[in-house]
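Structural description and commentary
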Amino acid sequence: KASNYFMPAETLSDKGPGGGGWIHFNKYMQVTKKDGTTWCDGTIFAVGDCNYGCLGAPPNWEMPPVPKISYPGEEQALHAVNNVKILAKGGKNL
């Protein structure tokens, strides 16, 4: 079950494993609102089992569902760190 109660409702899923409450994100691991726009100017990232775990919808997944275990979170964190570095150098587009 998701324990993302500290996040605003506009960033949390209505559905998903355990009944929902997972953080929406984009392909750059940035937290998004339910409408897909970035939250907090795209400076907040969600990796691992706190995020919704997939992008898009079947059968045309942009990123299919991944298990809520440590390995996908490690891979997601690597991408998020690279994106933080880009933003820290003044990059606007990921």
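This text follows the structure it describes.
Below you will find a few notes about this structure.

Now for the packing of aromatic side chains. One pass over the full model with this rule turns up one aromatic pair. A ring pair is formed by Tyr5 and Phe6, whose centres lie 6.0 Å apart and whose planes are at 85 degrees; its orientation type is edge-to-face. Judged by its relative accessible area of 56%, Phe6 is exposed. Stacked on the ring of Trp22, the Lys or Arg Lys68 has its end atom at 3.9 Å from the ring centre.

Moving on, we come to the pattern of salt bridges. Scanning all chains against the criterion turns up one salt bridge. Across the pair Asp14 and Lys34 runs a salt bridge whose closest N-O atoms are separated by 2.8 Å. Placement of Asp14 in the segment before helix 1 (70–88) and of Lys34 in the segment before helix 1 is noted, with a sequence separation of 20 residues between them. A residue is classified by how much of its surface remains accessible, and Asp14, at 59% relative accessible area, is exposed. You can call Lys34 partly exposed: its relative accessible area is 43%.

Glancing now at helix 1. Because an α-helix completes one turn every 3.6 residues, residues spaced three or four positions apart along the sequence face the same direction. Its 19 residues give helix 1 an end-to-end C-alpha distance of 26 Å, which sits within 8% of 27 Å, the value for a rise of 1.5 Å per residue. Residues of helix 1 that are buried include every one of Pro72, Gly73, Gln76, Ala80 and Asn83, and no others. An end-on view of helix 1 places all buried positions within 90 degrees of arc, on one side of the element. Facing away from the buried side of helix 1 by more than 90 degrees, the exposed set consists of Ser70, Tyr71, Glu74, Lys85 and Ala88.

Counting through the fold element by element, Cys54 comes out in the segment before helix 1. Accessibility expressed as a relative area gives 11% for Cys54, which makes it buried. The spacing of Cys54 and Pro67 is 13 residues in sequence and 9.7 Å in space, taken between C-alpha atoms. When residues no more than four places from it in sequence are discounted, the contact partners of Cys54 are Phe25, Trp61, Met63, Pro64 and Pro65.

Time to look at the side chain of Asn26. Summarising the element assignment, Asn26 is placed in the segment before helix 1. Of note is the side chain of Asn26, whose polar atom sits 2.9 Å from the backbone nitrogen of Tyr28. Apart from residues lying up to four places away in sequence, Asn26 is in contact with Thr32, Thr38 and Leu55.

Checked against the element boundaries, Asn51 lands in the segment before helix 1. Within polar-contact distance, the side chain of Asn51 engages the backbone oxygen of Ala46 at 3.2 Å. Once you skip the residues sitting within four places of it in the chain, Asn51 turns out to touch Trp22, Ile23, Phe25, Met29, Ala46, Lys68 and Gln76.

About the cut-offs
Residues numbered from 1 in each chain as written. Predicted model: local features only at pLDDT ≥ 70, side-chain atom pairs only at ≥ 80, totals over all residues. Heavy atoms only, no water. Phe/Tyr/Trp six-rings, centres within 6.5 Å; stacked < 30°, edge-to-face > 60°. Buried < 20%, exposed > 50% of the residue type's maximum accessible area, 1.4 Å probe, protein only. Lys NZ or Arg CZ within 6 Å of the ring centre and 35° of its normal. Salt bridge = Lys/Arg side-chain N within 4 Å of Asp/Glu carboxyl O. Helix = DSSP H or I, 4+ residues; strand = E, 2+ residues; numbered from the N terminus. Expected span 1.5 Å × (residues − 1). Arc of directions from axis to C-beta. Contact = heavy atoms within 4.5 Å. Polar contact = N/O pair within 3.5 Å; in protein donor to acceptor, adjacent residues only side chain to side chain.

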